[in-house]
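Remarks on the overall topology
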Amino acid sequence: MEEKKDIFDLISTAAREKDVQQLMECNRTTEKYGIVLSVEDARMLSESRIEAQKKHRRVEFGEGILPEILRMFCDSPYIQADDFVQTAAELQDLFFQYKNEAAEQLTDAELLNFMREQFDRVCYGSLELLGGTCLERFARAIREGYSGYEVSEGCGEYDQFSEEEGWNSELYYEILHELLG
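For clarity, every value in this text was computed on a predicted model and none was experimentally measured. Every chain is numbered independently, its residues counted from 1 as its sequence is written. Local features in this predicted model are restricted to residues whose pLDDT is 70 or higher, and side-chain atom pairs enter the listing and the counts only when it is 80 or higher, whereas totals over whole chains, interfaces and linings include all residues. For side-chain calculations, the full set of non-hydrogen atoms in the structure is used, while hydrogens and water are omitted.

**Things to note about the overall build of the protein chain**
Stated precisely, the cut-off is as follows: A run of DSSP states H or I qualifies as a helix once it reaches four residues; a run of E qualifies as a strand once it reaches two. Both are numbered from the N-terminal end. Relative accessibility under 20% of the residue-type maximum defines a buried residue, over 50% an exposed one, and the middle range a partly exposed one, all with a 1.4 Å probe and only protein chains included. Throughout, the Shrake-Rupley method with a 1.4 Å probe supplies accessible areas, and for residues the shown protein chains are the sole cover considered.
Each helix and strand in the protein chain was counted, giving nine helices and zero strands. What you see in the protein chain, going N to C, is helices and strands ordered as α-α-α-α-α-α-α-α-α. Residues classed as buried in the protein chain amount to 41% of the 181 residues present. Total accessible area computed for the protein chain in this model is approximately 10900 Å², and 51% of it derives from carbon and sulfur atoms.

Below is the structure:
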């Protein structure tokens, strides 16, 4: 039994080092935006991948989704270099959660496109709003039969699920006129 555990540990260690190497390769893209992962950062993200997979009962083969998350979100105006690693880990967790919540109907690209668009346009960098509102509503609509995201690849979808009122420029100018007038 001890020998099997040692073999598993060797395989697991090799897989983690491969993950770290793949994450470090993302620096080629992220460094353009002032974000450079250290080996320690990459190891932490690799560990977060394992924990998120366990939590959401997911299995990934190959590169996994994390490098794509790093590349897709590195240029967001709402992510700074000092919080990039933590934000990426939380985005990965949300990705796995809502991949499950959408009953596996979304491709990785559709879900990532939706996440990125809402992160910047609706949530202004708030992970709580992204997970607790935007992704929840989108997943619910998909479970109820909505499939329009297939044509749009997940882009431009949220407006039809939003329950918040948007910016009302007429009201703004009316109130501004009253205040100045």
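**Examining the nonpolar core**
Test applied: For this analysis, a nonpolar core means a set of buried residues of the types Ala, Val, Leu, Ile, Met, Phe, Trp, Tyr and Cys, connected via side-chain atoms within 4.5 Å. Throughout, a residue-residue contact means that at least one pair of heavy atoms, one from each residue, lies within 4.5 Å.
Residues Leu 45, Phe 73, Met 115 and Leu 130 are the most contacted members of the largest nonpolar core, which totals 44 residues. With nine residues, the single largest contributor to this core is helix H5 (residues 84-101). Look past the residues within four positions of Leu 45 in its chain and what remains in contact with it is Leu 23, Leu 37, Leu 66, Leu 70, Val 85, Ala 88, Ala 89 and Gln 92.

**Thoughts on the packing of aromatic side chains**
To describe a pair of aromatic rings, one takes the distance between the centres and the angle between the planes. Applied cut-off: The criterion for an aromatic pair is that two Phe, Tyr or Trp rings (for Trp, the six-membered ring) have centres within 6.5 Å, with stacked assigned to planes under 30 degrees apart, edge-to-face to planes over 60 apart and tilted to the rest. Both a distance and an angle decide whether a charge sits over a ring: NZ of Lys or CZ of Arg must be within 6 Å of the ring centre and within 35 degrees of the ring normal.
One pass over the structure, following the stated rule, counts seven aromatic pairs. Look at Phe 114 and Phe 138: their rings are 3.9 Å apart centre to centre, the planes differ by 10°, and that puts the pair in the stacked class. Here the residue Phe 114 occupies a position in helix H6 (residues 108-121), and Phe 138 occupies one in helix H7 (residues 127-143), the gap between them amounting to 24 residues. Here the two residues Phe 114 and Phe 138 agree in accessibility, since each one is buried. Measuring from centroid to centroid gives 6.2 Å for Tyr 146 and Tyr 149, while their planes differ by 50°, and the two rings are tilted. Note on Tyr 146: relative accessible area 21%, which makes it partly exposed. Just above the ring of Phe 73 sits the side chain of Arg 116; from NZ or CZ to the centre is 5.8 Å.

**Points about a nonpolar patch on the surface**
To keep it simple, the criterion reads: Only residues whose relative accessible area exceeds 30% and that take part in no salt bridge are eligible for patches, with like-charged residues grouped when within 9 Å of each other and nonpolar side chains (Val, Leu, Ile, Met, Phe, Trp, Tyr) grouped when within 5 Å. By definition, a salt bridge exists where a carboxyl oxygen of Asp or Glu is found within 4 Å of a side-chain nitrogen of Lys or Arg.
On the surface, a nonpolar cluster with roughly 360 Å² of combined accessible area is contributed by Ile 175, Leu 179 and Leu 180. Considering the arrangement of structural elements, one finds Leu 180 in helix H9 (residues 169-180).

**Some remarks on unusual backbone geometry**
Within the chain, Glu 104 stands out as a residue other than glycine whose phi angle is a positive 60°. Its place among the elements puts Glu 104 in the loop between H5 and H6.

**What to know about the pattern of salt bridges**
Summed over the entire model, instances satisfying the criterion amount to 12 salt bridges. In this structure, Arg 58 and Glu 104 form a salt bridge, with 2.2 Å as the shortest nitrogen-oxygen distance. Of this pair, Arg 58 sits in the loop between helix H3 (39-56) and helix H4 (66-73) while Glu 104 sits in the loop between H5 and H6, and the two are 46 residues apart along the sequence. A salt bridge links Lys 99 to Asp 108; the nearest nitrogen and oxygen atoms lie 2.7 Å apart. Since its relative accessible area comes to 36%, Asp 108 is described here as partly exposed. Members of the salt-bridge network, linked through shared partners, are Asp 75, Arg 116 and Asp 120.

**Thoughts on the side chain of Asn 27**
Mapped onto the secondary structure, Asn 27 falls in helix H2 (residues 27-30). Since its relative accessible area comes to 10%, Asn 27 is described here as buried. Setting aside its immediate chain neighbours within four residues, Asn 27 contacts Ile 35, Val 36 and Leu 37.

**What to know about H7**
As a reminder of what qualifies: Bend at a residue means the angle formed by two fitted axes: the first through the 7 residues ending at that position, the second through the 7 residues beginning there.
When the local axis directions of H7 are compared, the greatest deviation, roughly 35°, occurs at Leu 135. Turning to H7, its buried residues number three or more, namely Leu 127, Leu 130, Gly 131, Thr 133, Cys 134, Leu 135, Arg 137, Phe 138, Ala 139, Ala 141 and Ile 142. Looking at the packing, one finds that the buried side of H7 touches H5, H6 and helix H8 (149-152). Phi for Gly 145, located one or two positions after H7, is positive at around 115°.

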